[in-house]
Amino acid sequence: MPQRILVLLAHPAHRRSRANAALRAAARAVEGVTLHDLYEAYPDFLIDVDHEQALLQRHDVIVFQHPVYWYSSPAILKEWQDLVLEHGFAYGRAGTALAGKALLSAVTAGGTETAYGPEGLNRHSLLEFLRPFEATARLCRMRWLPPFILHGTHLLDGAALARHAAGYRALLEGLRDASAEPAPPPHHHAHGGH
């Protein structure tokens, strides 16, 4: 039975972002994926917790798709986590609603992979900056999947961006078609000039 995938898109201006627009289109093209644009659904940030929790319960794989803002996510995804991942629902002794589901971070960053290295501007890798999401998955008894990371988005030409979008689509299709224990997806990197 195919896995049901929920993509929570958090980008306040995705139409102006080539990279996120391409990834959004890739996700939308995958049959069986529910694409949920949080800024579109909640322009006032008044998140419908009951609706969001019901959505989570109907899906097997949850994807946080967003650009990296200040080494984290755009504000609405933090607001969503604060409100939706309630004690007694997502964690705590009785909070088992998400147990066994998978969590995938699919993120884009303008900085190159080198900029996110020990000698680079940011001093740490994006994997390290995503640790709070990994810890969230663990607390909610979810399986943390290797993230899909698209570096150097400002440097990508149309052909490179199309290749990475195709890789993202293939990753989502693989997760959809996997059994309850999907193999770790490949780790995607984008380098300027490729």
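Residues numbered from 1 in each chain as written. Predicted model: local features only at pLDDT ≥ 70, side-chain atom pairs only at ≥ 80, totals over all residues. Heavy atoms only, no water.

### Examining the packing of helix α1 (residues 18-28) against helix α7 (residues 158-177)
Next up, step 1: The N-to-C vectors of α1 and α7 enclose an angle of 35°; their axes lie 9 Å apart at closest approach. By crossing handedness, the relation of α1 to α7 is classed as right-handed. Residues Arg18, Ala19, Ala22, Leu23, Ala26 and Ala27 of α1 form the contact with α7, whose participating residues are Gly158, Leu161, His164, Ala165, Tyr168, Arg169 and Leu172.
Next up, step 2: Within the contact of α1 with α7, the residues separate by chemical class into 9 nonpolar, 2 polar and 2 charged. (Axes fitted to C-alpha atoms, helices over the stretch in contact; angles between N-to-C directions. Helix = DSSP H or I, 4+ residues; strand = E, 2+ residues; numbered from the N terminus. Left-handed = near helix turned anticlockwise from the far one by under 90°. Contact = heavy atoms within 4.5 Å. Nonpolar A, V, L, I, M, F, W, Y, C, P; charged D, E, K, R; others polar.)

### Quick notes on the packing of aromatic side chains
Next up, step 1: According to the stated counting rule, one finds 6 aromatic pairs in the structure shown.
Next up, step 2: For the ring pair Phe64 and Phe133, a centre distance of 5.9 Å and an interplane angle of 70° mean the geometry is edge-to-face. Of this pair, Phe64 sits in strand β3 (residues 61-67) while Phe133 sits in helix α6 (residues 131-139), and the two are 69 residues apart along the sequence.
Next up, step 3: Judged by its relative accessible area of 2%, Phe64 falls in the buried class.
Next up, step 4: Connected via pairs of aromatic rings, a cluster forms that spans Phe64, Trp80 and Phe133. (Phe/Tyr/Trp six-rings, centres within 6.5 Å; stacked < 30°, edge-to-face > 60°. Buried < 20%, exposed > 50% of the residue type's maximum accessible area, 1.4 Å probe, protein only.)

### Here we look at the pairing of strand β4 (residues 102-108)
Next up, step 1: Burial analysis of β4 places 7 of its 7 residues in the buried class, the great majority of the element.
Next up, step 2: A two-sided burial pattern is seen for β4, the buried positions comprising Ala102, Leu104, Ala106 and Thr108 on one face and Leu103, Ser105 and Val107 on the other.
Next up, step 3: For the crossover from β3 across helix α4 (residues 75-84) to β4, the handedness is right-handed.
Next up, step 4: Sheet topology note: the β4/strand β5 (residues 143-144) ladder contains 2 bridges and is parallel. If you follow Ala102 over to β5, its bridge partner there is Arg143.
Next up, step 5: Looking at chain direction, β4 and strand β6 (residues 148-150) are connected through 3 bridges and run parallel. Paired with Val107 across the strands is Ile149, a residue of β6. (Right-handed = clockwise from strand over helix to strand, strands pointing away. Pairing = 2+ DSSP bridges.)

### Here's the deal with the pairing of strand β1 (residues 5-9)
Next up, step 1: Of all the 5 residues making up β1, 5 are buried; the element is thus mostly covered by neighbouring parts of the structure.
Next up, step 2: Side chains Ile5, Val7 and Leu9 of β1 all project onto a buried face; the interleaved residues Leu6 and Leu8 project onto the opposite face, where all are buried too.
Next up, step 3: With 5 bridges connecting them, β1 and β3 associate as parallel partners. Following the sheet pairing, Val7 is matched in β3 by Val63.

### Considering α7
Next up, step 1: Across its 20 residues, α7 extends 28 Å between first and last C-alpha, which sits within 8% of the 28 Å expected from 1.5 Å per residue.
Next up, step 2: Among all positions of α7, only Ala160, Leu161, His164, Ala165, Gly167, Tyr168, Leu171, Leu172, Leu175 and Arg176 are buried.
Next up, step 3: The backbone nitrogen of Ala159 has a side-chain oxygen 3.2 Å away, supplied by the residue at the start of α7, namely Asp157. (Expected span 1.5 Å × (residues − 1). Polar contact = N/O pair within 3.5 Å; in protein donor to acceptor, adjacent residues only side chain to side chain.)

### Some remarks on the confidence of the model for the chain
Next up, step 1: Mean pLDDT over the chain stands at 90; residues scoring 70 or higher make up 91%.
Next up, step 2: Confidence over residues 180-186 falls short of pLDDT 50; this stretch has 8 contacts with residues more than four positions distant or in other chains.
Next up, step 3: Taken together, the stretch residues 190-194 has pLDDT below 50 and engages in 13 contacts with residues farther than four places along the chain or on a different chain. (pLDDT = per-residue confidence, 0-100.)

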